[in-house]
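Breakdown of the fold
Single-letter residue listing:
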Amino acid sequence: MFDVFEKRESAVRSYCRKYPVVFEKAKNAEIFSVDGKRYIDFLAVAGSVNYGHNNSYIKKAVLDYLSEDNIINALDMYTQAKEDFLRTFEELVLIPKNLDYRIMCCGATGTNAVEAALKLSRKNKKRTNVIAFSGAFHGMSLGSLAATTDVTSREGASVPLNNVTFVPYCGSKFDSVAYLEEILNDDHSGIDKPAAIILETVQAEGGINVATVQWLKDIRRICTEHDIVMIVDDIQVGNGRTGTFFSFERAGIVPDMVILSKSISGLGLPMSLVLIKPELDIFRPAEHNGTFRGNQLAFVGCKAGLEFFKNSKMETVVAEKEKIIRKYIEKEILPLDSRLVHRGIGLIHGIDLSGINPKLAIEGVHKAFDKNVILEVAGRHDGTLKIMPPLTIEENVLVEGLEILKSVISELVSEK
Ligand SMILES: Cc1ncc(COP(=O)(O)O)c(C=O)c1O
């Protein structure tokens, strides 16, 4: 059944090894394999389908666009689709939130936008170093990979990954704010002053580590005091994942650059953006060029996605479902074993099994898959089970998935 994949597709393929079936259809939080089996989706294409698979409202906009011979790729030329997207982004996101950003359309992937943000910060500040945090994940191309921490990804580079200094993230046993202040104020620290500090407000791949509001405010203050660009990588936890459209809103801060991708196109189409404070928008024309910065279908999907977000009161929807997940984890899952640890916010949650044995989490992924739930591992030694359904998941499907997860974790802990 998998012969052509195994014979022809590169060995680098990964998710398919955890979920070894051939998928065919998907609707909202359910995915169906070719043999008709139904799977509950607690992965959401790594955060790319926050508004559900094949969201009817967004898909209709994209299909209408396609059916009328509208232009599909136009490099970065002006198009009606891009104009509509920019106007909608301004009206539904920037103006209501009192944010003034220029919007840079990058190549199709998140990592391309991370590259753009890092390059632009370095160009602005005329410094090479960047500070990132232990546990960070920013992508696989070399510049982003240099700011990414997991050892397997870094080994894939096969060249030195330079010009990034790592500092422990919020919640580690070290006081990273005090450490940052120390190294930035000490002219003998030996650490070059950075152009930027790049961070995720919730480290998703890093194990669902949620930064505190105070920590985020402190990093914002340090960046301002030391003339450092603050970059928030909102690729995975933006678009409502943590409860608000941008994940940093809970801290009341305004980053200098924000990176969006994954769910920004509404439908899971490739798209990435860097939002840039106007005074930092200094790339010369074509200085970060790329063919696929004009994915018109993604612009159309993004516009419809932003409308869907507003019209369906997504922030309230997430708050309601967060309560369900939290309550379920606290009442039903954590009592299974005192060594289980829960971390999460909004609709991204992790159950850390590493206090028992980090290998249990990947076993949990396989067991959950056998019971028709798709979810991933994250964090140190892949020891955390990550729960990240589409924000639009029906409540009964959410609870059904959580019940299966409970039975999986119950089996895992009783075997140990
Ligand atoms: C926080 C974060 N940054 C960057 C990336 C890289 O995005 P892409 O895989 O689209 O290059 C990811 C992907 O998972 C991510 O979660």
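Placed above this text is the structure.
Residues numbered from 1 in each chain as written. Predicted model: local features only at pLDDT ≥ 70, side-chain atom pairs only at ≥ 80, totals over all residues. Heavy atoms only, no water.

Regarding helix α6 (residues 110-125)
- Under the 1.5 Å per step criterion, the end-to-end length of α6 is 23 Å for 16 residues, consistent within 8% with the ideal 22 Å.
- Within α6, 12 of the 16 residues are buried, which leaves it mostly tucked inside the rest of the structure.
- For α6, every residue scored as buried is listed here: G110, T111, A113, V114, E115, A116, A117, L118, L120, S121, N124 and K125.
- Downstream of α6 by a residue or two, K126 has a phi angle that is positive, lying close to 55 degrees. (Helix = DSSP H or I, 4+ residues; strand = E, 2+ residues; numbered from the N terminus. Expected span 1.5 Å × (residues − 1). Buried < 20%, exposed > 50% of the residue type's maximum accessible area, 1.4 Å probe, protein only.)

A closer look at the nonpolar core
- Ranked by internal contacts, the top residues of the largest apolar core, which has 94 residues, are F89, L180, W215 and F246.
- Counting only domains with at least three residues in this core, you end up with domain 1 (3-54 + 313-415) and domain 2 (70-311).
- In this structure F89 touches L94, I103, F246, L260, I264, L273, L275 and L306, once residues within four positions along its chain are discounted.
- Within the second largest apolar cluster, 27 residues are counted, among which are C106, A117, V130 and L145. (Core = buried A, V, L, I, M, F, W, Y, C linked by side-chain atoms within 4.5 Å. Domains from an automatic or database assignment. Contact = heavy atoms within 4.5 Å.)

Focus: the sheet that holds strand β3 (residues 38-41)
- Spatially, four strands are ordered β1-β2-β3-β15 in an open sheet, and the strand pairing comes out mixed. Of all the strands in the sheet, just β1 (23-27) and β15 (373-374) have a single pairing partner and so form its edges.
- Summarising the sheet, β1 and strand β2 (residues 30-33) pair through four bridges and their orientation is antiparallel. Residue pairing in the sheet places F23 in a bridge with S33 of β2. (Pairing = 2+ DSSP bridges.)

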